[in-house]
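# Residue-level structure breakdown
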Amino acid sequence: MEKRNYKYFSSISLFAKSAEFGSKINIIHRKLQGNRIREIQSTAFKDLIGVEIINLDDNSLQTIKSETFVNMPNLDVLTLRRNKIVHIEDYAFGELPELLILSLLSNSLICDCRIRSFHLWLLQQTSTVADGVVCSNINEQLIKDIPNVEECKETTTEIQSSTITTESLETTQPFKLTTMKAIIGQTSINNAILLGIISCTVSAMAFVTIFIYIVIKTRFRDRSAVHKQNRTGKQEEMVGYDLAETPNCYSNEYDLPQEVI
């Protein structure tokens, strides 16, 4: 089989285009260091069965995506030194039976629940020397030596961007939970205030109603007394008038006074 040595590539896209020949051509060494590569697409290195050494040092990589290094049975050395790698996605590395050296020196790997897949992969690679594979957020502890990495649990927090950072994961969700508690507490306070206002309003209306009733009843009673008094006075005046105006008539002689008889 013909051997060719592709030494340098100006960009990862050009490298990806050449990957289609990987299954037919025995490519010994790929040098991609110092090319300011910021991203490698998934499956860009997949099925390159003839590649033995990959050098990606001194680039600007931040994430190793899923299925980036898979089905590469002859890969011996993979170096990713002096990049800006923070995250390694699930299943970024497949079965690499011949991998002897993996170097991640001078990166900034964050060890949280998302490192679990890579952690398990490292434990399976018993013949691989992992150089500089440490947690930047846990005092440079070796990822292999982490006792247990929990799986990421599903949350109701909406993630709008795939480039979200660990800091945002640690601060955004508690902030939302705190906000929800504040809203619930504020709602309870508002409900209590509303009930108090309603109770005061009902009490005030009842007091006003009773007061109006008493005033009306008192005035009606006073008017009735005055009317009754006026009516009695008029009747007495009419009786006195009748007695004064009635003539002294006598029906017969027997009714006359004794002096007349």
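Since we're looking at a predicted model, the values are computed, not measured.

### Quick notes on the UniProt feature "transmembrane region" (unreviewed entry) in the protein chain
As annotated by UniProt and renumbered to match this structure, "transmembrane region" (unreviewed entry) occupies residues 192–216. Helix makes up 100% of residues 192–216 and strand 0%, whereas the separation of the span's terminal C-alpha atoms amounts to 36 Å.

### Side note on the side chain of S103
Among the secondary structure elements, S103 is positioned in strand β8 (residues 101–103). On the basis of relative accessibility, which here comes to 3%, the residue S103 falls in the buried class. Those residues in contact with S103 that sit more than four places away from it in its chain are L78, T79, L80, R81 and D131.

### With respect to the pattern of salt bridges
Taken as a whole, this structure holds five salt bridges when the rule is applied. With a shortest N-O distance of 2.6 Å, R82 and D58 are connected by a salt bridge. With R82 in the loop between β6 (77–79) and β7 (87–88) and D58 in the loop between β4 (53–55) and β5 (63–64), the pair connects residues that are 24 residues apart, well separated along the chain. Judged by relative accessible area, which is 40%, R82 ranks as partly exposed. Here D58 falls in the partly exposed class, since its relative accessible area comes to 36%. In this structure, the salt-bridge partner of R116 is E151, at a minimum N-O distance of 3.6 Å. One end of the pair, R116, is in helix α2 (residues 116–124); the other, E151, is in the loop between β11 (141–142) and α3 (166–245), with 35 residues separating them in the sequence. Exposure remark for R116: the relative accessible area of 24% places this residue in the partly exposed category.

Calculation rules
Residues numbered from 1 in each chain as written. Predicted model: local features only at pLDDT ≥ 70, side-chain atom pairs only at ≥ 80, totals over all residues. Heavy atoms only, no water. UniProt positions renumbered as here; feature names shortened; annotations may be inferred. Helix = DSSP H or I, 4+ residues; strand = E, 2+ residues; numbered from the N terminus. Buried < 20%, exposed > 50% of the residue type's maximum accessible area, 1.4 Å probe, protein only. Contact = heavy atoms within 4.5 Å. Salt bridge = Lys/Arg side-chain N within 4 Å of Asp/Glu carboxyl O.

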